[in-house]
Amino acid sequence: QQLPADDVRIERGPRGQRYLRYGRVAAMRIQQLMRDHLVALAERLYGDERFGDALGLASLNFRLTRHCLGPSHAQTLGSMGHVAECLRSLGREAEALPVFAEAIGALDRVLGPDHVETVSSVHNMARCLAALGEHAQALPLFRRAHESLEHGLGHEHPHTLVAMASLAECLEALEQVDAALPMRE
C-alpha cells in the first residue's frame, strides 16, 4: 500500500517489531538531512586537517547525492569536487586530477564556467597540476580562475587575490618572472 507523500507511520512487522514507513516526500527530506549532515561533518574534519576521514565522508556523500539527485545535479557535481579536493589535500594529486577534470566538464555544462563551484574546481585542479610539477598545464587553469574571480568579485576580493598569488607562483615556476612581478606588487 502506497503512503501519502508527506506521511510517516509507525507500523508493526510480522513478529511485532515496530518500524517507520515513509512517504516519498518525507523520505526525500530525510535523505536531504543526511546529506547536509555528511557535508557539515566532512567540512569540519577537513578544517581539522583530518583529510582521510573527510575523504570517507565526502565519498559517501557523493555516492548518496548521485543516487538521490542524479549524476548531473549541481549538488552531485559539487560533492565530486569535494572528493577531489580531499584527495589533493592527502597528497594524492594524480588520483584527484581525473575527478577534477570530470567535475569541471560537468560543472561547465550545468552551472556555467563562471559559477563559484566551477571556478573553485578549476583553481584546485591547477593546484594539483602545479604540485605534480606540471606548471605549463596548470597555467591556463590558474589564468581562467583568476580572470573569472576578478570579473565576478573584483580585483581586491580575497578569493581573487589568492588566485592571483597562485597564478604568480606558477609564472615564476615557469621562469616568467617579468609577467609575475606586477602581481606581486
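Placed above this text is the structure.
Since the model is a prediction, treat every value here as computed from it, not as a measurement.

## Considering the overall build of the protein
Here comes step 1: For the protein, the count of helices and strands is eight helices and two strands.
Here comes step 2: Ordering the α and β elements of the protein from the N terminus gives β-β-α-α-α-α-α-α-α-α.
Here comes step 3: Residue pairs at least 24 apart in sequence account for 39% of intrachain contacts in the protein once pairs closer than 6 positions are excluded.
Here comes step 4: Carbon together with sulfur atoms contributes 54% to the accessible area of the protein, which is approximately 10800 Å² in total.

## Points about the side chain of R35
Here comes step 1: With respect to the element layout, R35 can be found in helix 1 (residues 24-47).
Here comes step 2: Side chain to side chain, R35 and Q32 meet in a polar contact 2.4 Å long.
Here comes step 3: Setting aside its immediate chain neighbours within four residues, R35 contacts N61, L64, T65, C68, L69 and Q75.

## With respect to helix 7 (residues 158-173)
Residues lying three or four places apart along an α-helix face the same way, a consequence of the helix completing one turn every 3.6 residues.
Here comes step 1: For helix 7, which comprises 16 residues, the first-to-last C-alpha distance of 23 Å matches the rise-based estimate of 22 Å (1.5 Å per residue) to within 8%.
Here comes step 2: Burial in helix 7 covers these residues: T160, A163, M164, S166, L167, A168, C170 and L171.
Here comes step 3: The elements touched by buried residues of helix 7 are helix 5 (116-131), helix 6 (135-153) and helix 8 (177-184).
Here comes step 4: Directly beyond the C-terminal end of helix 7, a positive phi value near 60 degrees is found at E175.

## Structural notes on the packing of helix 5 against helix 6
Here comes step 1: Two elements in contact, helix 5 and helix 6, have axes separated by 8 Å at closest approach and are oriented at 155 degrees. With respect to helix 6, the axis of helix 5 lies roughly antiparallel. Every pair of crossing elements has a handedness; the one defined by helix 5 and helix 6 is left-handed. On the side of helix 5, the interface is formed by T118, V119, V122, H123, M125, A126, R127, L129 and A130, while helix 6 contributes H135, Q137, A138, L141, F142, R144, A145, S148 and L149.
Here comes step 2: Within the contact of helix 5 with helix 6, the residues separate by chemical class into 11 nonpolar, five polar and two charged.

## Re unusual backbone geometry
Here comes step 1: Positive phi is not limited to glycine here, since E49 has a value of about 60 degrees.
Here comes step 2: Examined against the element boundaries, E49 turns out to sit in the loop between helix 1 and helix 2 (51-69).
Here comes step 3: Taking relative accessible area as the criterion, E49 reaches 61% and is therefore assigned exposed.
Here comes step 4: Positive phi, close to 60 degrees, is recorded for E175, a residue that is not glycine.
Here comes step 5: Relative to the assigned elements, E175 resides in the loop between helix 7 and helix 8.

## Concerning the pattern of salt bridges
Here comes step 1: Summed over all chains, the structure comprises five salt bridges.
Here comes step 2: Among the ionic pairs, E85 bridges to R88, the shortest N-O distance being 2.5 Å. Pair noted here: E85 and R88 are both in helix 3 (residues 74-89), with a separation of three residues, about one helical turn. Each member of the pair E85 and R88 is classed as buried.
Here comes step 3: The salt bridge involving D108 is made with R144; its shortest N-O contact spans 2.5 Å. Residue D108 is located in helix 4 (residues 93-110), and its partner R144 is located in helix 6; the two are separated by 36 residues in the primary sequence.

Cut-off values and rules
Residues numbered from 1 in each chain as written. Predicted model: local features only at pLDDT ≥ 70, side-chain atom pairs only at ≥ 80, totals over all residues. Heavy atoms only, no water. Helix = DSSP H or I, 4+ residues; strand = E, 2+ residues; numbered from the N terminus. Contact = heavy atoms within 4.5 Å. Areas by Shrake-Rupley, 256 points an atom, 1.4 Å probe, with all protein chains shown as cover. Polar contact = N/O pair within 3.5 Å; in protein donor to acceptor, adjacent residues only side chain to side chain. Expected span 1.5 Å × (residues − 1). Buried < 20%, exposed > 50% of the residue type's maximum accessible area, 1.4 Å probe, protein only. Axes fitted to C-alpha atoms, helices over the stretch in contact; angles between N-to-C directions. Parallel < 35°, antiparallel > 145°, perpendicular 65-115°, else oblique. Left-handed = near helix turned anticlockwise from the far one by under 90°. Nonpolar A, V, L, I, M, F, W, Y, C, P; charged D, E, K, R; others polar. Salt bridge = Lys/Arg side-chain N within 4 Å of Asp/Glu carboxyl O.

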